[in-house]
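# Results of the structural survey
One-letter residues, chain by chain:
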Amino acid sequence: MLTTLPKQRWNPVLAAHLLNRAGFGADPAAIAAAAARPHAEVVDELLDFSGDLDFGPPTWLAEDGVAERPNRPALRSLPEEERQKIQMEWRRREAERMTELRAWWLYRMRYTKRPLREKLALFWHGHFATSMEKVRSAYCMYRQNETFRTQAAGNWRTLVEAVAQDPAMLIYLDNAQSRTGSPNENFARELMELFTLGEGHYTEDDIKAAARSFTGWTLAPDTFTFESRPRMHDGGLKSLFGQSGAFDGSSAIQVILDQPAAAPWIASKLWSFFAYAGPEPGLVDELAGRLREHRYELKPWLREVFLSEAFYAPRALHTQIKSPVQWLVGAARSLEAPLPAGPQCAQMLRELGQELFAPPNVKGWDGGPTWITATTLFHRYNFAGYLVKGRPGRELVRPIVDPAVALPVDQRTSRDTAQRALAWRIFQRPLRDQDQQVVAETLALLPEPAKWTDEDVRKVLHGMMSTPLYQLI
């Protein structure tokens, strides 16, 4: 099933599919350039994470005390009014930092030369879901985001252990308080149920043993940094998946990832994210087998996936509903436009159902069909108008699209030429007859393209983006 796509089948439609799924899409010139190169060369470049632009960290990372934990005993000793004042200032500062952090990550997605790294960071953010609502530290959320980025296509075992020691995760699933005699089972349970094995592949006794193994993995007293404290760790014998030993967190992860269900679980999740949901059992077995052969190294495994015929099968092409992040960043990339201001992006994503650093629960976002409801589809159509036409009013939203870039003069020689150029830029696939008819009817209401104003181009773009077809990649 993972046979390599024949060279003669590589074309602009499949190049657009790869750039959308392994990144956030591209403009027509970038798609044409990819299609003109060997398929393997394009995939290898996507997987090369070196030499990216130096975006730098969020500005607030240089502030004094940014990694310090609040001194709660000292706060409790203060008078009520003073304590509330300090807490309000702390919440205000953290909110400002999160606003910048969200904009900073979106900016990376829009302008990165290594889009697969950011796409993987987005996947891991939804897979190992934590939320600012409980973590309450922008620094912790940033550090976790950097872990997802630096480990994006590395070794699966290494990433799982890094997440188990991540301050945001230690807070979110309460392992920071787990100690011998009083182990907290939250992280151990979700590690097996959601992160590595899936339901039905472990017992309650396995959870209890793993929870004991993770005791002592906590935070430093004064800073948001990982610390392993032997006095908090349960060093006694444990029975985990039929094996006995004085397991600690690292050895427990080793045992868990050696289980038969581990490779199929993560392979299926990754395939569903990049290709299509519910992969066939035979394909899952092959994906899992290849992952084991690569010893959980993700980069060579992803290379096989992106080169395979199955990744470009009809079931994969144009069948995935865009996530809100994909919708927003993809629009900016395909239209060769900047993103709106950070607060406006945050508002859009919040109303569309994907607020970064605030997934709904430990399962992350369900994705797929859940992205589309009557309300969110209405918002998508409205926000498409904001992007291409702007929004007047008390809070002016300026349009991000330059009509001269979206439809250059040499593409306005006839209705057919303009229609093909705009349809390819927006939909990046051959249109069915009924879809072409819808676009043609919109263009028929306008003068000849040579006489189009900027407003005419914006009107056509908005109409195309306000269709069910545009919600798919």
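Scroll up a little and you will see the structure.
Residues numbered from 1 in each chain as written. Predicted model: local features only at pLDDT ≥ 70, side-chain atom pairs only at ≥ 80, totals over all residues. Heavy atoms only, no water.

What follows deals with the overall build of the protein. From N to C terminus, the protein includes 23 helices and four strands. Taken over C-alpha atoms, the radius of gyration comes to 24 Å for the protein, in line with the 23 Å a tight globule of 473 residues would show. In the structure as shown, the protein presents an accessible area of about 20900 Å², 52% of it carried by carbon and sulfur atoms. Each charge class in the protein was averaged separately, 57 positive and 57 negative side chains, and the resulting centres sit 2 Å apart. (Helix = DSSP H or I, 4+ residues; strand = E, 2+ residues; numbered from the N terminus. Rg over C-alpha atoms; globule rule 2.2 N^0.38 Å. Areas by Shrake-Rupley, 256 points an atom, 1.4 Å probe, with all protein chains shown as cover. Lys, Arg positive; Asp, Glu negative; His and termini not counted. Charge placed at Lys NZ, Arg CZ, Asp CG, Glu CD.)

Attention now moves to the nonpolar core. Counting residues in each nonpolar core, the largest one holds 150 residues, and the members touching the most others are Leu18, Leu120, Trp124, Phe128, Trp271 and Phe306. Residue contributions to this core peak at seven residues, all from helix 14 (residues 262-274). Here leucine 18 is in contact with Trp10, Gly23, Val42, Val43, Leu46, Phe306, Phe311 and Tyr312, once residues within four sequence places are set aside. (Core = buried A, V, L, I, M, F, W, Y, C linked by side-chain atoms within 4.5 Å. Buried < 20%, exposed > 50% of the residue type's maximum accessible area, 1.4 Å probe, protein only. Contact = heavy atoms within 4.5 Å.)

For any pair of aromatic rings, geometry is given as the distance between the ring centres together with the angle between the planes. Scanning the model with the defined rule gives 23 aromatic pairs in all. Between the aromatic rings of phenylalanine 128 and phenylalanine 148, the centroid separation amounts to 6.2 Å while the plane-to-plane angle is 15°, which identifies the pairing as stacked. With phenylalanine 128 in the loop between helix 6 (115-127) and helix 7 (132-135) and phenylalanine 148 in helix 8 (residues 138-150), this residue pair connects regions lying 20 residues apart in the sequence. Comparing phenylalanine 128 with phenylalanine 148, the two get one shared label, buried. Look at phenylalanine 274 and phenylalanine 306: their rings are 5.4 Å apart centre to centre, the planes differ by 85°, and that puts the pair in the edge-to-face class. Here phenylalanine 274, found in helix 14, pairs with phenylalanine 306, found in helix 16 (residues 298-307); they are 32 residues apart in sequence, far enough to count as distant. Residue class for phenylalanine 306 comes out buried when judged on its relative accessible area of 0%. Above the face of the tyrosine 111 ring, arginine 110 is positioned so that its terminal group lies 4.5 Å from the ring centre. Stacked on the ring of phenylalanine 49, the Lys or Arg lysine 299 has its end atom at 5.0 Å from the ring centre. (Phe/Tyr/Trp six-rings, centres within 6.5 Å; stacked < 30°, edge-to-face > 60°. Lys NZ or Arg CZ within 6 Å of the ring centre and 35° of its normal.)

In this section: a positive patch on the surface. There is a patch of like positive charges on the surface, built from Arg72, Arg76, Arg91 and Arg136. The topology assignment puts arginine 136 in the loop between helix 7 and helix 8. (Patch = residues over 30% accessible without salt bridge, like charges linked within 9 Å, V, L, I, M, F, W, Y side chains within 5 Å. Salt bridge = Lys/Arg side-chain N within 4 Å of Asp/Glu carboxyl O.)

So, about the layout of surface pockets. Within this model, the largest pocket holds a volume of roughly 990 Å³. The wall of the largest pocket is formed by 32 residues, among which Phe273, Trp365, Asp366, Gly367 and Gly368 lie closest to the centre. Within the residue set of the lining of the largest pocket, elements represented by two or more residues are helix 6, helix 11 (186-196) and helix 14. (1 Å grid on protein atoms, 1.4 Å probe; cavity = no way out; pocket = protein on both sides within 12 Å on 5 of 7 lines; lining within 4 Å. Points joined across faces, edges and corners; volume = space filled by probe spheres on them.)

Let's shift gears to the pattern of salt bridges. This model, assessed by the stated rule, comprises 27 salt bridges. Measuring nitrogen to oxygen at the nearest pair gives 3.0 Å for the salt bridge that ties glutamate 94 to arginine 97. Here glutamate 94 and its partner arginine 97 are both found in helix 5 (residues 80-111), three residues apart, which amounts to about one turn of the helix. Exposure remark for arginine 97: the relative accessible area of 6% places this residue in the buried category. The partner of glutamate 204 in a salt bridge is arginine 189, with the nearest N and O atoms 3.0 Å apart. Of the two residues, glutamate 204 is situated in helix 12 (residues 204-213) and arginine 189 in helix 11; the sequence distance between them amounts to 15 residues. Taking the relative accessible area as the measure of exposure, arginine 189 reaches 25% and is therefore partly exposed. Among the charged side chains, a network of salt bridges with common partners joins Arg108, Glu118, Glu146 and Arg149.

Attention now goes to empty space enclosed by the protein. Unfilled space is identified by rolling a water-sized probe across the atoms. As enumerated under the stated definition, the model contains three cavities of 30 Å³ or more in all. Approximately 190 Å³ is the volume attributed to the largest cavity. Together, 21 residues line the largest cavity, and Asn20, Lys322, Ile426, Gln428 and Ile473 are the ones closest to its centre. Elements that contribute at least two residues to the lining of the largest cavity include exactly helix 1 (12-21), helix 17 (324-334) and helix 21 (415-427).

Interhelical geometry of helix 5 versus helix 8 gives an angle of 20° and a closest axis separation of 9 Å. With respect to their mutual orientation, helix 5 and helix 8 come out roughly parallel. Judged by the twist between their axes, the crossing of helix 5 over helix 8 is right-handed. For the pair formed by helix 5 and helix 8, the contact residues are Glu94, Arg97, Met98, Leu101, Trp104, Trp105 and Arg108 on the first element and Ala138, Tyr139, Met141, Tyr142, Asn145, Glu146 and Arg149 on the second. Across the contact of helix 5 with helix 8, the residue classes tally to eight nonpolar, one polar and five charged. (Axes fitted to C-alpha atoms, helices over the stretch in contact; angles between N-to-C directions. Parallel < 35°, antiparallel > 145°, perpendicular 65-115°, else oblique. Left-handed = near helix turned anticlockwise from the far one by under 90°. Nonpolar A, V, L, I, M, F, W, Y, C, P; charged D, E, K, R; others polar.)

Mapped onto the elements of the fold, glutamine 326 is located in helix 17. With a relative accessible area of 4%, glutamine 326 lands in the buried category. Within the local environment of glutamine 326, its side chain forms a polar contact with the side chain of lysine 119, the two groups lying 2.8 Å apart. (Polar contact = N/O pair within 3.5 Å; in protein donor to acceptor, adjacent residues only side chain to side chain.)

That is the geometry; function is a separate question.
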